[in-house]
Amino acid sequence: SPLKGKTFEFQDTRGMFYKLQVCGIVADCHTTPDHAGMCQRTNRKGGHEWVNAGSGNGVVSYEKNLVRLVYSNGSKCHRAKTARKTVVEFYCDRDYRTAKGDKGHGKPVFDTEENCVYTVRWPSDLACEAELPCTITDKNTGKVFDLTQLAKYDRNWQTSANDKSGIYLINVCRALVPVDSNTCPFSAASCLVNGTKSLVGLF
């Protein structure tokens, strides 16, 4: 991965400072336990100290269009009797470098923290599926119709079913963008959502 071997630094909204390695170990955290994949700088009287927010590993999973990296077994949480844990979620953003002027493959963005479980969101072109040709040619006229601009990466097209049986979620030339509130699998390109049930068209 182009991201491996680099230490990424960022802050949350409270001003807490973090260091993160992708599938690796942050070398200069000096935490207990050691081998932190992400570490957090906490404020203490007379200065600050680093805590292990999750031990680094190279185990990556893929679900609902998200590439997920989980670092567990960090330092003991000060609010709970559990070890700190970090979940890094990479999601597809092909335009990130252009829109933000970034020359790399996106940057980590702190999302939430609850009982010392940290969630980090990471928009990146590296998390995107291979693009399929999204054009069709009229055999009679030779005219080419390009549907590429209809493909969505941040949300889905949606419309209500005529019989009011639910809501159709649709994407064009790619799988649906994952939405936590629906039951559509990550491989679906279209999905009829009706309560907790879903009828799926696979990508």
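Residues numbered from 1 in each chain as written. Predicted model: local features only at pLDDT ≥ 70, side-chain atom pairs only at ≥ 80, totals over all residues. Heavy atoms only, no water.

Help me out: how do you make sense of the packing of aromatic side chains in this one?
The geometry of an aromatic ring pair is captured by two quantities: the separation of the ring centres and the angle between the planes. The tally for this structure, following the rule as stated, stands at seven aromatic pairs. Ring geometry for Phe 10 and Tyr 18: centres 5.5 Å apart, planes at 15°, overall stacked. Tyr 18 carries the same exposure label as Phe 10, and that label is buried. Look at Tyr 18 and Phe 110: their rings are 5.0 Å apart centre to centre, the planes differ by 25°, and that puts the pair in the stacked class. With Tyr 18 in strand β2 (residues 17–21) and Phe 110 in strand β8 (residues 109–114), this pair connects stretches of sequence that are 92 residues apart. Exposure remark for Tyr 18: the relative accessible area of 0% places this residue in the buried category. An aromatic cluster is defined as three or more aromatic residues linked by ring pairs; in this entry it consists of Phe 10, Tyr 18, Phe 110 and Tyr 118. (Phe/Tyr/Trp six-rings, centres within 6.5 Å; stacked < 30°, edge-to-face > 60°. Buried < 20%, exposed > 50% of the residue type's maximum accessible area, 1.4 Å probe, protein only. Helix = DSSP H or I, 4+ residues; strand = E, 2+ residues; numbered from the N terminus.)

Would you explain the sheet that holds strand β6 (residues 66–71) in this entry?
The sheet built from five strands is open, its strands ordered β5-β6-β7-β9-β8 with mixed pairing. With partners counted over all chains shown, the strands left at the sheet margins are β5 (60–63) and β8, one partner each. The mean inter-strand angle of the sheet, taken between neighbouring strand axes irrespective of direction, is 25°. Both β6 and strand β7 (residues 85–92) contribute to a ladder of six bridges, which runs antiparallel. Its bridge partner lying in β7, Val 67 is registered against Phe 90. (Pairing = 2+ DSSP bridges. Axes fitted to C-alpha atoms, helices over the stretch in contact; angles between N-to-C directions.)

Is there a simple way to explain the side chain of Asp 12 in this structure?
Counting through the fold element by element, Asp 12 comes out in the loop between β1 (7–11) and β2. Among the residues examined, Asp 12 registers a relative accessible area of 9% and is labelled buried. A polar contact of 3.0 Å, which involves the side chain of Asp 12, links it to the backbone nitrogen of Gly 15. At 2.9 Å, the side chain of Asp 12 and the side chain of Tyr 18 are in polar contact. Asp 12 has contacts with Tyr 18 and Phe 110, leaving out every residue within four places of it along the chain. (Polar contact = N/O pair within 3.5 Å; in protein donor to acceptor, adjacent residues only side chain to side chain. Contact = heavy atoms within 4.5 Å.)

The values are spatial; any link to function lies outside them.
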